[in-house]
Structure formats: structure tokens, C-alpha cells
Amino acid sequence: MGLGKELTKEQIAAISSLILVGKDNKEISAITGLALRSVQRWTKKCKDAGESDPLLQKKRTGKARLTSQRTLKVLQHQVDLEPCISAKELREKNPRLFQDVSVRTIQRCLRDDLCFQYRAPRRKPILTTLQKKKRLLFCKKYLAWEPEKWKKVLWSDEATFTVTGNRGGKVRLRAGSDPYHPKYTEGTVKHPDSVMVWGAFGYHGTGELVVLPKNFTVNKERYLELLADHLEDCFIACQSEIFQQDGAPAQTAKLFSSWFEWVGVDYIRDWPGNSPDLSPIENIWALMKRRLRGRDTSTVPKLVAQLQDIWANLDPSLLQNLALSVPKRLQSCRKKKGYPTKY
């Protein structure tokens, strides 16, 4: 049968019986489910032999297999337990079973007999099944809000910006000069400092961009202190009435629900975690990072000055469009059944 798969005795008997009742090759292939080429070869064998009884296939030539069904079961069991194991490690772990079997043969058995693919592991999904379900419930609930209500929401979040070796501006390069000369290239920083900021915006404007202390870690106590110092001013500046924050663990503690009730702040209680695509303030952080390109951000004070300048000069129409884009974000999320959206 060449390099193809050998036919079983039952398949040979089925082909022979169909030949006897006058079926052609295509009909035999359709009835038995075998490849047309295999049927044609066996039909030719029967005609050449001049016999109607099923012929026995010749034994495949070549060296006997070194792996048995038991070997394949052992391989499958161990790979199921350790998907990252290599063929060499499998051979080393089973010296008695694979003492005469090469690593290449084990690889071939895994690929051809057991249908295992050896490839890099996939990344963990961004959203879990529970998170997608919560996103869908959130979209269904808040799509009922009118645009006027979204105008009253104060969107808040933190972001981190890194110091770069960029001194800002362009350079004049003489024709024929080396473009990689130090005076024509940007500096690089091996272990750059970073700046974390907290900001809030609404339909009518932005609040203060708060620069957080160096090595600041957001926990519930520090975050509560931050809100106590700046939230009221942001509400006034942005003419907002409803507060929004992401679902970070430090921001969902019971301490905050009690504090919000005590100070009389209305807030979105069921914001789904891991949903930056639903929050328009993420677009502002991305815009600020783009606008930092070409500016002098070589030191922390210069980076802070540039951030405050960009924040203070955000276009009011941009803020309004972002605030009113939330219903479209929710519709897109519902259409994608909770999966991440283009936003």
C-alpha cells in the first residue's frame, strides 16, 4: 500500500464484496469512507490476481516498531501530567521502557500517533468567564442611562509615566554625517525613574492632576486619604455628581462604601473589574503618553511639568466626546458578549 495506512481485514472484505456486486471505485469509496486512491489500488490488485476472494495484504517491509500500545499510553499519561516535558526528558524518566528508542522516535510518536503539538504556551486570557459575565450585566443595566446622566459622572484613575532620555525637539543633521553620533541620538536610561499621577475628569472639565510621592503604593488607607484631600475639589471643578473608579482591590474595600455613604457621595457600585476599555479616562492617559514624545522628559521635574502642561491644555471637546462615548462602549461590549472592545 505504499506509504499509506494499511487496510484492515474488515475493510478489505468490504471492498471485495462491493466489487462482486458491481460497484465502481467512487461508490465503494463513498460507502466505506476510504480514500479513493486506496480503493483503486485494492481493486487493481483483485483484478490482477483474478480472484474474487479478499487477498491478504503483504506485511509492511522495514524494521519492526520499537513502540507498542503500552508505550503510547505511558507517553500520553506523562504528557497529560506535564505538558511542558520534552522528548529527551521523557526518555530519561523511563530508561527501561525507552532504552532502545531514540528521542526522534519519541517525538514522532507524540506527533503522529498521539497528535500532540509542541509549541509555546498560550497567554492567559485577559478576562475570565466570571468577569465577562459581570461586564455583560453591567452593560445591560447602564445602557438605560440617558446621555445627560453620563455628563454628571466623574471619571478617575491612576497612571504611571517613565522618565526617558529624550531632550525634546529635533536635530539638524549635515549631509554625510554619522546619524549615530552621540550628539544626534537620544539618550537612554537603564533604570529610569517613574512618576505616578491620579487624575479625574468629567464632561465639563478636569480636576487637579495629583502627583503621588515616589515609591507610592496604592492601598486602601492611602487611597482614602487621597480621596479625602482632592475628591471634593474635583467634583466642583468638573460639575459632576457621580464618582467612578476602577475595580482595583484597594478601591473596592468595604471601607470606601461606608465612607462614600458618610460623606454623601454617589458612585457606581458595580463597576466590573479589569475593564479599562469601558473607562474613557484610559484614552486620556494614552493621549498624554503620545504627546510626551518629542518633549523634554529627561528628569522627574521636567516630566512632571510636561504632564501638568498637557493635562491643563486638554481640549474641552475631547473631554465631552469621551464622556459621551460610554453608551457606545457598552453597546460594543454587549455585542462582543463581554470580550474586550476596540476602545
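Calculation criteria
- Residues numbered from 1 in each chain as written.
- Predicted model: local features only at pLDDT ≥ 70, side-chain atom pairs only at ≥ 80, totals over all residues.
- Heavy atoms only, no water.
- UniProt positions renumbered as here; feature names shortened; annotations may be inferred.
- Phe/Tyr/Trp six-rings, centres within 6.5 Å; stacked < 30°, edge-to-face > 60°.
- Helix = DSSP H or I, 4+ residues; strand = E, 2+ residues; numbered from the N terminus.
- Buried < 20%, exposed > 50% of the residue type's maximum accessible area, 1.4 Å probe, protein only.
- Lys NZ or Arg CZ within 6 Å of the ring centre and 35° of its normal.
- Pairing = 2+ DSSP bridges.
- Arc of directions from axis to C-beta.

In the annotation of an unreviewed UniProt entry, the chain is listed under the name Transposable element Tcb1 transposase and assigned to Chionoecetes opilio. Reading the Subcellular location (unreviewed entry) entry of the UniProt record for the chain gives the comment "Nucleus".

Caption draft 1: Representation of the packing of aromatic side chains in the model. In this structure the tally under the stated criterion is 13 aromatic pairs. Taking 4.4 Å as the distance between ring centres and 35 degrees as the angle between the ring planes, the aromatic pair formed by Phe-138 and Tyr-142 counts as tilted. Taken together, the positions of Phe-138 and Tyr-142, both in helix α7 (residues 129-142) and 4 residues apart, correspond to about one turn of that helix. The burial state of Phe-138 is the same as that of Tyr-142; both residues are buried. Among the aromatic residues, those joined into a cluster by ring pairs are Phe-138, Tyr-142, Trp-145, Trp-150, Trp-155 and Trp-271. Note that Arg-269 overlies the ring of Tyr-267, its terminal NZ or CZ placed 4.6 Å from the centroid. One cation-aromatic arrangement involves Lys-289 over Phe-161; the distance from NZ or CZ to the ring centre is 5.6 Å.

Caption draft 2: Region of interest: the pairing of strand β1 (residues 153-162). Taking burial as the measure, the 10 residues of β1 include 8 buried ones, the bulk of the element. Pairing analysis gives 3 bridges linking β1 to strand β5 (residues 242-244), with the strands arranged parallel. Bridging from a neighbouring strand, Leu-154 pairs with Phe-243 of β5. Bridging between β1 and strand β2 (residues 194-202) involves 8 bridges; their strand directions are antiparallel. Bridging from a neighbouring strand, Glu-158 pairs with Trp-198 of β2.

Caption draft 3: Spatial organisation of helix α11 (residues 281-291). The complete set of buried residues in α11 reads Ile-281, Ile-284, Trp-285, Leu-287 and Met-288. Along the long axis of α11, the arc covered by the buried residues comes to 160 degrees, so they all point the same way.

Caption draft 4: Local environment of the pairing of β2. Among the 9 residues that make up β2, 7 are buried, leaving the element largely enclosed by the rest of the structure. Pairing geometry for β2 and strand β4 (residues 210-211), over 2 bridges, is antiparallel. Bridge pairing in β4 places Val-197 opposite Val-211. Bridging between β2 and strand β3 (residues 205-206) involves 2 bridges; their strand directions are antiparallel.

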